[in-house]
Amino acid sequence: MARFVFALACALALQASSVASATIVEQLFYVNNLTVTRLCKNQLITAVNGQYPGPTIRATEGDTLVVHVLNQSPYNLTIHWHGIFQLLSAWADGPAYVTQCPILPGKSYTYRFKITGQEGTLWWHAHVSWLRATVYGALIIHPRFPRSYPFPAPFQDVPIMLGEWWNANVVDVENQGLATGGAPNNSNAYTINGLPGDFYNCSQNQIYKLNVVRGKTYMLRIINAALNDQLFFGIAKHNMTVVAVDASYTKRYVTEVVVVAPGQTTDVLITANQPVGSYYMAATPYASATIPFPNTTTRGVLIYIGYLSSSAPLMPALPNPRDTSTAHRFSSNLTGLAGGPHWVSVPLQVDEHMFVTIGVNLDVCAEGVTCQGPLNNRLSASMNNESFQLPTTLSMLEASVYNVSGIYTTDFPDNPPVKFDYTNANISLDLNLIFAPKSTKVKKLKYNSTVEIVLQNTAFLAIENHPIHLHGFNFHVLAQGFGNYDSVNDSKKFNLVDPQLRNTIGVPVGGWAVIRFQANNPGVWMMHCHLDVHLPWGLAMAFEVENGPTLSSTLPPPPLDLPKC
């Protein structure tokens, strides 16, 4: 332990010196068990540096981030830097068995990457099992001087991390669901910066408090770190002005409620312009599917400095959990800040067209075994009827670089195997369509090719909004809507001027979204649903982007300390 404390002190000293030079930001992540008390119970969790949530990392665009991860937990571990491009540093992306094998208990790995062409709010989290329920933190990238924000600088910026809490070991919760073939248990609470708030039992003093000065403007960096739930967020009597999503600036959009899917971030400005008092900030679920969900509310409180009364704070009016119209209105009304910092114009020449169905499926229950999924089968999920299965003996990126066969194949289909009425509720249990084979397939892409993907939701089992996250890239959201995508009429709705740039898109319930990106980053990059319940079921695929023609477009060899399987 003394050795760790010394190492941590050295790392912090390095970090302090590096901030001045604005070139290297260095951190040490010590991952271990931690006992915390929530909802009347002491619970053992996995955490970083004894913190829940984990430490906030602040860097400047252009910095190099170096994070030494020492895994003293009992579980295999990786860290994913959600939304970071990882240009020529795919070895640091983090998804287990995709770009690296896990860091075994007692072992370490150093993540090293440069933050290029990005500023705003991102985050980091575990990318093994359900460990990200407690292993996560904010990653804030400030503009490099002399640039500033494309709006008046706020008085203060504050991370607001929305999470989920289980009164159980989350690894056991996931494993139990996978063992039975049914859905895992829902969470017991939502949290704001790790605290459930006074709505829950034994939580009167476990509520996040933000003290504000009347007349000042604050930037709230809202991050949905929940595992399986999209969330509505609002503050009583205070409008919010959206200025960025997923670390990409937007045109200003004023709203009373924000909706964030797991994996997404939203930066909002609020001005403390109300009478001196206390006001609840709150988050409730947006539950798009007609399945059981944890219908509870987490609350924090915004307190004006100088307020002395003990009266109860005012509560914001949040939408009904089934309010898809409000969720869609918010998500579809956002537009990018064309011409702003780090703006990337929409590529107009498309090289690869893909139509990808997404949804929940069934997998046949083994003979002689009772499974708890529908029709005595196991719950599964797929993209284009391929249910993704991670390898276990070698990472996909290593297999790509060293040309090792048998780890994955390069025949992920551009279209589903059959066309059908994708969003018709009558196909919910169509046994001719609902079973998907397990596979590990990627789509191979030429360097710098432009890819357009229609993400088409399906009505299998339960129609649901799926937040789809693409590693290694941002993408333009050209359009989104409900029903089956119509290539003739819906393509006329494409915004090619100022669409929002994202790394995670909530594909509308019973609907579709069209995204476009340029494959300018060699490596193996996962695309998957960020509802963690769906990832082990198979709602994922990957892209293998080839090296470019020059050294500066070629992925370097792996670092010497890359973990082995």
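Here the structure is a predicted model, which is why all the values come from computation and not from measurement.

On average, residues of the chain score 94 in pLDDT, and 96% of them are at 70 or above. Note on residues 1-21: pLDDT is under 50 here. Beyond four places in sequence and across chains, it has 18 contacts.

A few words on unusual backbone geometry. In this structure, the amide linkage connecting Y52 to the following residue, P53, adopts the cis form with an omega of -10°. Mapped onto the elements, P53 comes out in the loop between β2 (41-48) and β3 (57-60). For N384, which is not glycine, the phi dihedral falls at a positive 50°. Assignment of secondary structure puts N384 in the loop between β21 (378-383) and β22 (387-388). Despite not being glycine, L461 shows a phi value in the positive range, around 60°. Mapped onto the fold, L461 is located in the loop between β25 (449-457) and β26 (466-470).

In total, this model carries 3 disulfides according to the counting rule given. The disulfide partner of C101 is C565, and the S-S distance across this bridge is 1.8 Å. Between C101 and C565, the S-S torsion sits near -85°, and that sign places the bridge as left-handed. Of this pair, C101 sits in the loop between β5 (79-82) and β6 (108-114) while C565 sits in the segment after β32 (540-545), and the two are 464 residues apart along the sequence. Across the chain, the way the bonded cysteines pair up, counted in sequence order, is 1-3, 2-6, 4-5.

With that settled, the discussion passes to the sheet that holds strand β1 (residues 24-38). Read across the sheet, 4 strands follow the order β2-β1-β4-β6 without closing on themselves; strand pairing throughout is mixed. Two strands in the sheet have a free side with no partner beyond their single neighbour: β2 and β6. Mean inter-strand twist for the sheet, computed between neighbouring axes without regard to direction, equals 20°. One ladder, built from 8 bridges, connects β1 with strand β4 (residues 64-71); its direction is parallel. Considered in β4, the bridge of Q27 is made with V67.

Here is what the cut-offs are and how they apply
Residue positions are given per chain, counted from 1 along the sequence in the order it is written. Given that the model is predicted, a residue must reach a pLDDT of at least 70 before its local features are reported, and side-chain atom pairs must reach 80 or more before they are shown or counted; all residues, however, enter totals for whole chains, interfaces and linings. Side-chain measures were taken over the full set of non-hydrogen atoms in the model, leaving aside hydrogen atoms and water. For every residue, the predictor reports its confidence as pLDDT, a number between 0 and 100. In what follows, a contact means two residues having at least one pair of non-hydrogen atoms within 4.5 Å. Strands are runs of DSSP state E lasting at least 2 residues, helices are runs of H or I lasting at least 4, and numbering of each runs from the N terminus. The rule for a disulfide is simple: a pair of cysteine sulfur atoms within 2.5 Å. Note on pairing: two strands pair once DSSP finds at least 2 bridges between them. Lines fitted to the C-alpha atoms define the axes, with helices restricted to the stretch that makes contact. Angles between their N-to-C directions range from 0 to 180 degrees.

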